[in-house]
Amino acid sequence: MNPIVVGITGASGAVYAARLLEVLQSCGRDVHLSISPSGRDVLEHELKLEIDLDRFDAQELKLRDELQYYHHQDYMAPMASGSFLSAGMVICPCSGTTLSAVASGAANNLIQRAAEVHLKERRKLILVPRETPLSMAHIDNMRRVTEAGAVVLPASPGWYHDVRSPSDLVDFVVARICDQLSVEHSLMQRWGAE
């Protein structure tokens, strides 16, 4: 199976990214990760995780070492090229700034460049914004990336699956991301299933 590319940017909702990485690893998927400086700051603020972007250690995110990490300014990373085959890319959470850069094709870091690559190669690109309320610029950028082939998957958990704790709400969003990537999981009960 080709690897899954994950970018973490500076929107609130770091818990979704952390859980997504955990689930992908538990499903045996090869993950290639990049974290923006703002993404690092949100991980620290929301999850109390101190991440060193220059000397990354997967254990800082409570992950196994098999994870492939690339610095956000490393344009020589495999994910910066269309010749690198992936099973898709997720930017989770996706900041409004990153959404804007992807919509306009103006890459300022490896995450944005990898997103451009996924669009131009017609590979699955999933953007997980958590912003609310949305400005007209956000809505227009979501429309533009959708027209370019991306999937906009807002971090909007459903409540119909017997929610008992906040982690059930997180798993709902992560399950929807995994569905888009064709990653099998048992994170939630599906509608109509018994």
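Residues numbered from 1 in each chain as written. Predicted model: local features only at pLDDT ≥ 70, side-chain atom pairs only at ≥ 80, totals over all residues. Heavy atoms only, no water.

Trainee: Quick question: what am I supposed to make of the overall build of the protein here?
Mentor: Along its length, the protein carries 6 helices and 6 strands. Each helix and strand of the protein, placed in order from N terminus to C terminus, yields the pattern β-α-β-α-β-β-α-α-β-α-β-α. Taking 2.2 N^0.38 as the reference for a compact globule, 194 residues should give roughly 16 Å; the C-alpha atoms of the protein span a radius of gyration of 16 Å, in line with that estimate. Considering only C-alpha atoms, the protein reaches an extent of 45 × 40 × 35 Å along its principal axes. Taking all 194 residues of the protein together, 50% fall into the buried category. Summarising the internal contacts of the protein: among those between residues at least 6 apart in sequence, 72% fall at separations of at least 24. Entry remark: accessible area of the protein is about 9,500 Å², with carbon and sulfur atoms responsible for 49%. A distance of 6 Å separates the average location of the 18 positive side-chain charges in the protein from that of its 24 negative side-chain charges. (Helix = DSSP H or I, 4+ residues; strand = E, 2+ residues; numbered from the N terminus. Rg over C-alpha atoms; globule rule 2.2 N^0.38 Å. Buried < 20%, exposed > 50% of the residue type's maximum accessible area, 1.4 Å probe, protein only. Contact = heavy atoms within 4.5 Å. Areas by Shrake-Rupley, 256 points an atom, 1.4 Å probe, with all protein chains shown as cover. Lys, Arg positive; Asp, Glu negative; His and termini not counted. Charge placed at Lys NZ, Arg CZ, Asp CG, Glu CD.)

Trainee: Explain the side chain of His32 here, please?
Mentor: Its location among the elements puts His32 in strand β2 (residues 31–35). In terms of polar contacts, His32 uses its side chain to reach the side chain of Asp30, at 3.4 Å. The residues contacting His32, other than those within four sequence positions of it, are Pro3, Ile4, Val5, Val6, Gln68, Tyr70, Met79 and Phe84. (Polar contact = N/O pair within 3.5 Å; in protein donor to acceptor, adjacent residues only side chain to side chain.)

Trainee: I tried to follow the packing of aromatic side chains on my own but got confused; where do I start?
Mentor: Within a pair of aromatic rings, the relevant descriptors are the distance that separates the centres and the angle that separates the planes. Throughout the structure, instances matching the rule amount to 2 aromatic pairs. Both rings, one in Phe56 and one in Tyr69, keep their centres 4.1 Å apart while their planes meet at 15°; by these two values the pair is stacked. Here Phe56, found in the loop between α2 (37–47) and β3 (68–69), pairs with Tyr69, found in strand β3; they are 13 residues apart in sequence, far enough to count as distant. Look at Phe56 and you get buried, because its relative accessible area is 17%. (Phe/Tyr/Trp six-rings, centres within 6.5 Å; stacked < 30°, edge-to-face > 60°.)

Trainee: What is the right way to read the nonpolar core from this model?
Mentor: Considering soluble globular proteins, one finds that nonpolar side chains tend to be buried as a cluster. Leu21, Leu33, Ile35, Phe56, Leu61 and Ile177 are the most contacted members of the largest nonpolar core, which totals 41 residues. Among the elements of the structure, β1 (4–8), α1 (14–26), β2, α2 and α6 (166–180) are those that each provide at least two residues to this core. Residues Ala77, Phe84, Leu99 and Ile111 belong to the second largest nonpolar core, which totals 22 residues. (Core = buried A, V, L, I, M, F, W, Y, C linked by side-chain atoms within 4.5 Å.)

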